[in-house]
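# Working through the structure, step by step
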Amino acid sequence: KAGVTQTPRYLIKTRGQQVTLSCSPISGHRSVSWYQQTPGQGLQFLFEYFSETQRNKGNFPGRFSGRQFSNSRSEMNVSTLELGDSALYLCASSLASGGLDEQFFGPGTRLTVL
Amino acid sequence: TQLLEQSPQFLSIQEGENLTVYCNSSSVFSSLQWYRQEPGEGPVLLVTVVTGGEVKKLKRLTFQFGDARKDSSLHITAAQPGDTGLYLCAGPKAGNNRKLIWGLGTSLAVNP
């Protein structure tokens, strides 16, 4: 069974630009969660989608948005990039929604904002 | 304020040594998960502890959940270079199972 895939793996952008990251969950998984990981803040929850609906949201500004498609693939968008958005963005898929089910993580997208 | 405090933040040891890392909170958690993250990869779940006082073993790794479900520890016996990585604990706060709270992690380096 293929694991969670994320594209692209690396991305360099400049301030003010926008970026779209993609995540394909494990086949059969309907929940996709997105996290931002930085050395100082650790993993910070962005949002969770289940069956195309946002089920949960973290404390991030509205510049961070996401969506999920009918095939469970998910995209995350960050508009008006700031230097502080430089981070590893991880997505995780699980069978069920919520925090109790095992999450399977992708390798992440390393975003650098210059 | 980090709801899950992990210590130590960094640990560098020689192959064959034993070590313990901690995950502490002032809040009660319904369960705690331990993940290991290797460079360039996402975290991988090692174990979930659910019952207060529970002890789980995974080969040379021993996980314990505190009686009050506010803390957990991970003990590694005879560490090997393959144990190198970032060890993260995470858990849903009791009463709010929808969102995982994450610690900052312990970065472990095991030198041959």
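Below: a short report on this structure. Source: prediction; values computed, not measured. (Residues numbered from 1 in each chain as written. Chains lettered and ligands numbered in written order. Predicted model: local features only at pLDDT ≥ 70, side-chain atom pairs only at ≥ 80, totals over all residues. Heavy atoms only, no water.)

### Focus: the nonpolar core
What counts here: As used in this record, nonpolar core signifies buried Ala, Val, Leu, Ile, Met, Phe, Trp, Tyr and Cys residues forming a set joined through side-chain atoms within 4.5 Å. Categorising residues by exposure relies on relative accessible area from a 1.4 Å probe, with only protein chains included: less than 20% of the type maximum marks a residue as buried, more than 50% marks it as exposed, and the intermediate range marks it as partly exposed. Where helices and strands are cited, they refer to DSSP runs of H or I of at least four residues and of E of at least two residues respectively, numbered from the N terminus. The contact rule is simple, with two residues in contact once any of their heavy atoms fall within 4.5 Å.
If you look at the biggest cluster of nonpolar residues, it comprises 22 residues, and the most contacted ones within it are W34(B), F63(B), L74(B) and I76(B). Every element with two or more residues in this core is listed here: β3 (19–24), β4 (32–37), β5 (44–49), β7 (61–65), β8 (71–76), β9 (85–92) and β11 (106–111) of chain B. Excluding residues within four positions of it along the chain, F63(B) makes contact with W34(B), L46(B), V47(B), V49(B), E54(B), V55(B), K56(B), L58(B), S73(B) and L74(B). By size, the runner-up hydrophobic cluster in this structure holds 21 residues, among which are L11(A), F47(A), L81(A) and C91(A).

### Re the pattern of salt bridges
The criterion, for reference: One speaks of a salt bridge when a side-chain nitrogen belonging to Lys or Arg is within 4 Å of a carboxyl oxygen belonging to Asp or Glu.
In total, this model carries seven salt bridges over all chains according to the counting rule given. Two residues, R73(A) and E75(A), come together in a salt bridge whose shortest N-O distance is 3.4 Å. The exposure class of R73(A) is partly exposed, given its relative accessible area of 24%. Between R36(B) and E38(B) there is a salt bridge, with its nearest N and O atoms 3.9 Å apart. Note on E38(B): relative accessible area 37%, which makes it partly exposed. Counted as one network, the salt bridges with shared partners bring together R63(A), E82(A) and D85(A).

### Here's the deal with the interface of chain A and chain B
Cut-off, in case you're wondering: By buried area we mean how much accessible surface two parts lose on assembly, using a 1.4 Å probe and totalling the loss over both. Side-chain atoms alone can form a polar contact between residues adjacent in sequence; in general such a contact is a pair of N or O atoms within 3.5 Å, and within protein one must be able to donate a hydrogen while the other accepts it. For this scheme, ten residues count as nonpolar: Ala, Val, Leu, Ile, Met, Phe, Trp, Tyr, Cys and Pro. Four count as charged, namely Asp, Glu, Lys and Arg, and the remainder, Gly too, count as polar.
With 24 residues of chain A in contact, the opposing surface of chain B contributes 19 residues. Taken together, both faces of the contact between chain A and chain B bury some 1,600 Å²; the carbon and sulfur share is 49%. Counting every contact that joins chain A to chain B gives three residue pairs in polar contact (both at pLDDT 80 or more). Of all the secondary-structure elements, those providing two or more residues to the side of chain A that touches chain B are β4 (31–38), β5 (42–50), β6 (53–57) and β9 (87–94) of chain A. With four residues, the single largest contributor to the side of chain A that touches chain B is β5(A). Among the residues making up the side of chain A that touches chain B, the classes are represented as eight nonpolar, ten polar and six charged.

### Quick look at the packing of aromatic side chains
To keep it simple, the criterion reads: Here a Phe, Tyr or Trp ring, Trp counted by its six-membered ring, pairs with any other such ring whose centre lies within 6.5 Å, and the pair is stacked when the planes are under 30 degrees apart, edge-to-face when over 60, and tilted otherwise.
Overall, the coordinates contain nine aromatic pairs over all chains when judged by the stated rule. The interplanar angle of 40 degrees and the centroid separation of 5.6 Å between the aromatic rings of Y35(A) and F105(A) together place this pair among those described as tilted. Highlighted residues: Y35(A) in strand β4 and F105(A) in strand β10 (residues 104–105), separated in sequence by 70 residues. For Y35(A), a relative accessible area of 1% translates into the label buried. On the basis of relative accessible area, F105(A) is assigned to the buried category, the value being 12%. Three or more aromatic residues joined by ring pairs form one cluster here, namely Y35(A), F45(A), F105(A), Y35(B) and W102(B).

### Here we look at the pairing of β8(B)
Residue and element names in this part refer to chain B. Worth spelling out the cut-off: A pair of strands is considered paired only if DSSP assigns at least 2 bridges between the two.
With six bridges joining them, β3 and β8 adopt antiparallel strand pairing. Each bridged residue has a counterpart across the sheet, and for V21 the counterpart in β8 is L74. Relative to β8, β7 runs antiparallel, the two being bridged by five bridges. Its bridge partner lying in β8, L61 is registered against I76. Counting the residues in the hairpin turn of β7 and β8 gives five residues, including R69, whose phi is positive at 60 degrees.

Shape is all these values report; function is a separate question.
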